[in-house]
Amino acid sequence: PTRFLGGRGRVDAAVNRLALAGLRPDHGLVVLRYRYHPAWRAPDGVRLEPYPVPEDRAGFIALREPPAAVTLTFDPWVVLRTRGVE
């Protein structure tokens, strides 16, 4: 199965990091089959948002009009600061 629910590209997953390349959005959107959390960070100018899915209330990670290559990072300090809040 693909790591993309919408759009296409390549994903290189590592600890607290998703390197994306060759991104091709569908209707301006790339949706990754990774759980969205507010601790995911994108570079300035890249819109990162939750994409609702019935099986997970947090949704998946969506990028709106992304560049062809981008690296997302996960900030674990956000998780520690918001523990118990969901």
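Below is a short write-up of the structure. (Residues numbered from 1 in each chain as written. Predicted model: local features only at pLDDT ≥ 70, side-chain atom pairs only at ≥ 80, totals over all residues. Heavy atoms only, no water.)

So, on to the sheet that holds strand β2 (residues 8-14). Sheet architecture is open: four strands sit in the order β2-β3-β8-β5, paired in antiparallel fashion. The sheet is open, and its two borders are formed by β2 and β5 (40-41), each paired with just one other strand. Inspection of the sheet shows β5 paired to strand β8 (residues 70-74) by two bridges, in the antiparallel sense. In the sheet register, W40 faces β8, and the bridge partner there is F74. (Pairing = 2+ DSSP bridges. Helix = DSSP H or I, 4+ residues; strand = E, 2+ residues; numbered from the N terminus.)

Here we come to the pairing of β8. As defined by bridge partners, strand β3 (residues 17-24) adjoins β8 across four bridges and the pair is classed as antiparallel. Bridge pairing links R17 to T73 in β8.

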